[in-house]
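Structural overview
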Amino acid sequence: MTKALTLALSLVSAPAWADWQINMNEGVTALSREIFDLHMLIFWICVVIGVAVFGVMFYSIFKFRKSKGAVSEHWHENTTVEVVWTVIPSIILIAMAIPATATLMDMYDTSEADVEIQVTGYQWKWRYQYLDEDIDYFSNLATPREEIANEASKNPNYLLEVDNPLVIPANKKVRFLITSNDVIHSWWVPNFAVKKDAIPGFINESWVKVEQPGVYRGQCTELCGKEHGFMPVVVEVKAEADYEQWVADQKAIKLAMAGEASKEFSMDELIAQGEGVYKMACAGCHQPNGQGIPGAFPAITGSTIATGEMDTHIDIIVNGKSGTAMQAFKEQLSAVDIAAVVTYQRNALGNSVGDFIQPSAIQK
Amino acid sequence: MIGRCFKALASVICAFIGVQSARNWRYDSERGSATVFVIAGILMTIIFLAGIYGLVQVVMIYVQYSG
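Every chain is numbered on its own, with residues counted from 1 as its sequence reads. Ligands are numbered from 1 and chains lettered from A, in the order in which they are written. Thresholds applied to this predicted model are a pLDDT of at least 70 for local features of residues and 80 or more for the giving and counting of side-chain atom pairs; totals over whole chains, interfaces and linings are not thresholded and use all residues. Just so you know, side-chain values use all the structure's heavy atoms and leave hydrogens and water out.

1. With respect to the overall build of chain B
Labels follow the DSSP assignment, with helices taken as runs of H or I lasting at least four residues and strands as runs of E lasting at least two, numbered in each case from the N terminus. Helix and strand content of chain B: 3 helices and 0 strands. Written out in order from the N terminus, the α and β elements of chain B read α-α-α. Here the radius of gyration uses the C-alpha set of atoms, whereas the globule reference equals 2.2 Å times the residue count to the power 0.38. Over its C-alpha trace chain B gives a radius of gyration of 17 Å, far above what one expects of a compact globule, namely 11 Å for 67 residues. Along the three orthogonal principal directions, the C-alpha set of chain B runs to about 60 × 20 × 15 Å. Think of it in three bands: residues with accessible area under 20% of the maximum for their type are buried, residues over 50% are exposed, and the middle band is partly exposed, with areas taken using a 1.4 Å probe on protein chains only. By the burial criterion, 15% of the 67 residues in chain B qualify as buried.

Right under this line is the structure:
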């Protein structure tokens, strides 16, 4: 009895229903609620029309069935009825177009934004550039490879977590300029309602004004290659004061990093840092053990580049190799990261060249 | 002649909304000329497109941005 009651209660509790949600997300912005309301309005209009049309149809089928002696009437046309069933749907469509147009115009109104951020899709990560501040960084998947390979249990935000989330202030209009560096991606946070394609050579605009601080998660929604499911979008909405503090912190970090680049590192320090960089930027294709995937991605272990000339090795990381999946990392990695990952690849993953390079020697 | 043109125009409008009586259809196919219908059709298409364009312009002027 208690078990049955618990089961019954769990069915009506909110989390149980959340799993069974099949309707559109209401979202967390005024615009997303407007879109949701429009969706529900159109939905109920369709329900009423459906009930009326099928009601008349099923009633007629039942009431005038052959077994009751119904005989079909033969006539060719009835202009009045035809005009009525043409005019009424036209009026309904026009009536629906009025709120839909109003909502669309709101969606496209990116004017008078407080913060402007360029969002660029990369295979397979997002880049966020704050156009008014000197802030520019990449947002990479943070889910450990062990969870992806089923070697560890999956956390609740599995494949929906990143190292550097996009940070925006609450109650401010934020305009996004969305584009891509390579193939078509699509930037989507369900709670913000609006989804925009990121297309190379084009800039699509979108905007958001979130009331409540919090973390909102989304995904790339345009199939963009091998790791399409591994480039989530995470947006951290902060209260205005916290956002200002974050901006100040980012600038301080940037200054500190500029200082780092001229520092002298030991080989061990570089290898230790390089391991993290490798897992984040290289392991997706070249694999965590450096073996690559034969026929698709070359191995780092025993590679002629990673065990050959230092300059060639650095060049392929900095500039990529055109015509292959090897992209240029000069925008994505700092001089320290590049020096670290080069040193790591030459002296780990089964390689033991024995040399290393200082960040100050990296020419980007 | 003018009467026939108006009748052709009325038939084209009927064709636009997809409703026509058998009597008028028979009249048009027996008495009407193809050229008149083609001209009326092109004219109505232009009027229809101009109407849509004008409507959008009016909406763009009168709808205030609320964002």
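After that view, the rundown keeps rolling.
2. Quick look at the domain arrangement of chain A
Boundary definitions for the domains trace back to an automatic or database domain assignment. As assigned here, chain A comprises domain 1 (23-66 + 76-108), domain 2 (115-258) and domain 3 (264-361). Each of domain 1 of chain A and domain 3 of chain A has a C-alpha centre, and the two are 58 Å apart.

3. Things to note about the interface of chain B and chain A
Two residues form a contact once any of their heavy atoms are found within 4.5 Å. Taken together, the contact between chain B and chain A spans 11 residues of the former and 11 residues of the latter. Buried area is a sum: the accessible area each of two parts loses on coming together, probed at 1.4 Å, counted once for each and added. Here chain B meets chain A over a buried area of about 960 Å², counting both sides, of which 66% is carbon and sulfur. We define a salt bridge as a contact between a side-chain nitrogen of Lys or Arg and a carboxyl oxygen of Asp or Glu at a distance within 4 Å. Our count for the contact surface shared by chain B and chain A stands at 0 salt bridges. N or O atoms within 3.5 Å of each other form a polar contact, as long as, within protein, one can give a hydrogen and the other can take it, and as long as residues adjacent in sequence are counted only when both atoms are side-chain atoms. Counting every contact that joins chain B to chain A gives 1 residue pair in polar contact (both at pLDDT 80 or more). Three classes are used: nonpolar for Ala, Val, Leu, Ile, Met, Phe, Trp, Tyr, Cys and Pro, charged for Asp, Glu, Lys and Arg, and polar for all others, with Gly counted as polar. In the side of chain B that touches chain A, the residues fall into 7 nonpolar, 4 polar and no charged.

4. A closer look at the packing of aromatic side chains
Residue and element names in this part refer to chain A. Stacked, tilted and edge-to-face pairs are distinguished by plane angle, under 30 degrees for stacked and over 60 for edge-to-face with tilted covering the rest, among Phe, Tyr and Trp rings (Trp via its six-membered ring) whose centres lie within 6.5 Å. Evaluated as defined, the whole model comprises 12 aromatic pairs over all chains. Between Phe43 and Trp44 the ring centres are 5.1 Å apart and the planes differ by 70°, which places this aromatic pair in the edge-to-face class. For Phe43, a relative accessible area of 39% translates into the label partly exposed. Measuring from ring centre to ring centre gives 6.2 Å for Tyr137 and Trp246, while their planes differ by 70°; the resulting arrangement is edge-to-face. Residue Tyr137 is located in strand S3 (residues 135-139), and its partner Trp246 is located in helix H6 (residues 240-260); the two are separated by 109 residues in the primary sequence. Taken as a pair, Tyr137 and Trp246 share a single burial class, namely buried. Three or more aromatic residues joined by ring pairs form one cluster here, namely Tyr128, Tyr130, Tyr137, Tyr243 and Trp246. Taking NZ or CZ as reference, Lys173 lies 4.4 Å from the ring centre of Trp207, over its face. For a ring to carry a charge above it, either NZ of a lysine or CZ of an arginine must fall within 6 Å of the ring centroid while also lying within 35 degrees of the normal to the ring plane.

5. Points about the packing of helix H9 (residues 310-319) of chain A against helix H10 (residues 335-347) of chain A
All names here are of chain A. Helix axes use the C-alpha atoms of the stretch in contact, all axes being lines fitted to C-alpha atoms, and the angles between their N-to-C directions lie in the range 0 to 180 degrees. Interhelical geometry of H9 versus H10 gives an angle of 125° and a closest axis separation of 11 Å. One finds that H9 runs oblique with respect to H10. Judged by the twist between their axes, the crossing of H9 over H10 is right-handed. Along its contact with H9, which presents Met310, His313, Ile314, Ile317 and Val318, the element H10 presents Ile338, Val341, Val342, Gln345 and Arg346. When its residues are assigned to classes, the contact of H9 with H10 shows 7 nonpolar, 2 polar and 1 charged. By the definition adopted for this analysis, an angle is roughly parallel if under 35 degrees, roughly antiparallel if over 145, roughly perpendicular if from 65 to 115, and oblique otherwise. Left-handed describes a crossing whose near helix is turned anticlockwise from the far helix through less than a right angle; right-handed describes the clockwise counterpart.

6. Some points on the sheet that holds S3 of chain A
Residues and elements named next belong to chain A. In this analysis, strands are considered paired if DSSP registers two or more bridges between them. Pairing in this open sheet of 5 strands is mixed, and the strands run S3-S2-S1-S5-S8 from one edge to the other. Edge positions in the sheet fall to S3 and strand S8 (204-208), since each has one partner strand and no second. Strand-to-strand, the axes of this sheet are offset by a mean angle of 25°, without reference to chain direction. Bridge analysis of strand S5 (residues 174-180) against S8 gives 5 bridges, and the strand direction is antiparallel. Bridge assignment links Arg175 to a residue of S8, and that residue is Trp207. Running over the sheet, H6 touches strand S1 (115-122), strand S2 (125-130) and S3 and is turned about 90° from S3.

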